[in-house]
Amino acid sequence: MIEQLKLDFNKIIGSLKISNKNIEFRKHNLNQFVENGFPNKRVEDWKFSDLNQIISSNINNLSFYSDLTPNKIAAMYETLLNPKLAIFIDKIEHNKIVFINGVISDIDFSYEDESKILITKDLDQNEDIKDINSLVSLNNALISNYLRLTIKESYSLNKPLIIYNVTTKDLKSTALNVKTEIILEKNSSLKLISLFEDNSENNFINIVQNFNISQDAVLKNYRIDNKKNSNIKYFYSNINLEKNSISENFIYSVGSKFIKNEVNCNLNDMYSSAFINGVIKLSNTQHHEIKTNINHLAENTKSYQLIKTVLNDKAKGIYQGKIYVDAKAQKTNGYQLSKALLLNESTEFNGKPELEIYADDVKCSHGSTSGNLDEDSIFYLMSRGLSHKQSKELLINGFLLDAVEKITDLEIKNFIKDMMGIT
């Protein structure tokens, strides 16, 4: 694999117009990945998910380079416009950015004052996240598309932005590396949905997002992976919050064979707030993980986390959540709770909640529970005329609804509830 990686790295470098400085940056990150490889259980953060084993068991002859010319991407995009495919959401008026097999194919902000939005695709501007872990290093080394979106001061988008991440049927045994950076200037706001439309099988998709949220700005960020597929995915989100800013995040993790969602959130100034809510719902042999690091680095900051997991068949779910409170972060308020519902004895759930606190005037709590459906509740619902299957579905939806109700945007909340089949 290493020889193939180096060959593909040279192909990518040869196809891009980038500076010598950026080439050296990429080489540094390539060496970091070669040294550490795909994470395995010897890495503490991956003790429940051996990615090296998962990739080797599911993907043969992994390639790191995809030869996609602009003409090919344009032709693929034209195909997606076919109404019969129903790729694009029509229930919500929205702006959109479309990635096809990791390549930007369309950017549309027709609902907005485009003078208030700055879009940059300069590949030399990708040195802000480095040396975090081997997968971020791999992303830094191999990205062929990089998008920076800046929302100007005091501008709130009229409509949500949906980033469509589409893969096509002909993509197989390929590693895709995509990076986006979103900057919210002072007193601006953005509602963002990252939506995954997988028509491919057996690929490794590695997506890094960096968010810089300035004073008084608000980010509402929703990640939806709903369509069943055999791809393996790693998402890394780095969120920096300044004074009185807010980050609301919701993760819907259902579709892919394997996903690890990792969120690192830095509350850098007072009165900043971070909210992370999520739903994992799995069956068969799916394996999904949510890992969060909430770093309270200033006084009077707030965080709230609620993750609900439902597992069936031989599925495996993991939640690792850490709240860190710096010594100067007095008057911190941090809350974290994970609950799992296990529908049979073959499932596996691992929870690892952590608190690391160095301040004395704080209010922090965490918890993790797992259990089965209440048979008495099923019997009660059946006595009211529901079938056994309907009773189970009603209880499961009620269990998950608590996390969905934390979504503060009514239109997006209803869209996600409709997707989940919850009324």
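Residues numbered from 1 in each chain as written. Predicted model: local features only at pLDDT ≥ 70, side-chain atom pairs only at ≥ 80, totals over all residues. Heavy atoms only, no water.

What follows covers the sheet that holds strand 19 (residues 362–371). The sheet built from 10 strands is open, its strands ordered 2-1-5-7-9-11-13-15-17-19 with mixed pairing. Across the chains shown, the open sheet's two edge strands, defined by having one partner strand only, are strand 2 (103–108) and strand 19. Direction aside, neighbouring strands of the sheet carry axes that sit 10° apart on average. Pairing geometry for strand 1 (residues 95–100) and strand 2, over 5 bridges, is antiparallel. The residue bridging V98 from the neighbouring strand is D106, located in strand 2. Lying over the sheet, helix 7 (residues 388–404) contacts strand 11 (246–253), strand 13 (273–282), strand 15 (302–311) and strand 17 (332–342), oriented at roughly 160° with respect to strand 15. The sheet contacts of helix 8 (residues 410–420) involve strand 7 (189–198), strand 9 (218–225), strand 11 and strand 13, and relative to strand 9 the element is tilted by about 10°. (Pairing = 2+ DSSP bridges. Helix = DSSP H or I, 4+ residues; strand = E, 2+ residues; numbered from the N terminus. Axes fitted to C-alpha atoms, helices over the stretch in contact; angles between N-to-C directions. Contact = heavy atoms within 4.5 Å.)

Glancing now at the side chain of N145. Mapping N145 onto the fold places it in the loop between helix 5 (134–142) and strand 4 (146–151). On the basis of relative accessibility, which here comes to 13%, the residue N145 falls in the buried class. Here I104 takes part through its backbone nitrogen, which lies 3.1 Å from a polar atom of the side chain of N145. Apart from the residues lying within four places of it in its own chain, the contact partners of N145 are F99, G102, V103, I104, L123, V178 and K179. (Buried < 20%, exposed > 50% of the residue type's maximum accessible area, 1.4 Å probe, protein only. Polar contact = N/O pair within 3.5 Å; in protein donor to acceptor, adjacent residues only side chain to side chain.)

Next up on the list: the environment of Y324. Residue placement: Y324 occurs in strand 16 (residues 316–325). Non-local contacts of Y324, meaning those with residues more than four positions away in its chain, are made with I294, N295, H296, L297, E356 and Y358.

Given a rise of 1.5 Å per residue, 17 residues ought to cover 24 Å, and the 25 Å separating the end C-alpha atoms of helix 2 (residues 20–36) matches this to within 8%. In the segment just after helix 2, G37 is the residue with positive phi, at about 70°. (Expected span 1.5 Å × (residues − 1).)

A separate point is the nonpolar core. Grouped together as the largest cluster of nonpolar side chains are 47 residues, with contacts concentrated most on L161, L184, L190 and I213. If we skip the residues at most four places from it in the chain, L190 touches L157, L161, I182, L184, V218, L219 and K220. Judged by nonpolar contacts, the second largest core, of 36 residues, contains I224, V254, V279 and I378. (Core = buried A, V, L, I, M, F, W, Y, C linked by side-chain atoms within 4.5 Å.)

With that settled, consider the packing of helix 6 (residues 375–383) against helix 7. With their axes 9 Å apart at the nearest point, helix 6 and helix 7 run at an angle of 125° to one another. For the element pair helix 6 / helix 7, the angle class is oblique. As for the relative orientation of helix 6 and helix 7, their crossing is right-handed in sense. Contacts between helix 6 and helix 7 involve S377, I378, L381 and M382 from the first element and H388, S391, K392, L394 and L395 from the second. Broken down by class, the residue content of the contact of helix 6 with helix 7 amounts to 5 nonpolar, 3 polar and 1 charged. (Parallel < 35°, antiparallel > 145°, perpendicular 65-115°, else oblique. Left-handed = near helix turned anticlockwise from the far one by under 90°. Nonpolar A, V, L, I, M, F, W, Y, C, P; charged D, E, K, R; others polar.)

A few words on the packing of helix 2 against helix 5. One can describe the packing of helix 2 onto helix 5 by two numbers: an axis separation of 8 Å at closest approach and a directional angle of 145°. Between helix 2 and helix 5 the crossing geometry is left-handed. Contact with helix 2, carried on its side by F25, R26, N29, L30, Q32, F33 and N36, involves S134, L135, S137, L138, N140, A141 and L142 of helix 5 and no other residues of that element. Residues that form the contact of helix 2 with helix 5 fall into these classes: 7 nonpolar, 6 polar and 1 charged.

Working definition: two side chains of opposite charge can pair if their charged atoms are close together. Taken as a whole and assessed by the stated rule, the structure comprises 22 salt bridges. Of the charged contacts in the structure, one is a salt bridge between D8 and K11, with a shortest N-O distance of 4.0 Å. Highlighted residues: D8 and K11, both in helix 1 (residues 2–15), separated by 3 residues, approximately one helical turn. By relative accessible area, which is 1% here, D8 ends up buried. Here K233 makes a salt bridge to D225, at a shortest N to O gap of 2.4 Å. (Salt bridge = Lys/Arg side-chain N within 4 Å of Asp/Glu carboxyl O.)

This paragraph deals with the packing of aromatic side chains. Overall, the coordinates contain 7 aromatic pairs when judged by the stated rule. An angle of 90° between the planes, with centres 5.5 Å apart, marks the rings of F38 and F204 as edge-to-face. Of the two residues, F38 sits in the loop between helix 2 and helix 3 (51–58) while F204 sits in strand 8 (residues 204–213), which places them 166 residues apart along the sequence. F38 sits in the buried class, given a relative accessible area of 3%. For F204, a relative accessible area of 0% translates into the label buried. Note on F88 and Y164: the rings are 4.8 Å apart at their centroids and 90° apart in plane angle, and the pair reads as edge-to-face. Here Y164 lies in strand 5 (residues 161–167) and F88 lies in the loop between helix 4 (70–80) and strand 1, a separation of 76 residues in the sequence. Overall, the relative accessible area of 1% leaves Y164 in the buried class. In textbook terms, an aromatic cluster arises when at least three aromatic residues are bridged by ring pairs, as seen for F33, F38 and F204. (Phe/Tyr/Trp six-rings, centres within 6.5 Å; stacked < 30°, edge-to-face > 60°.)

Geometry only, nothing functional implied.
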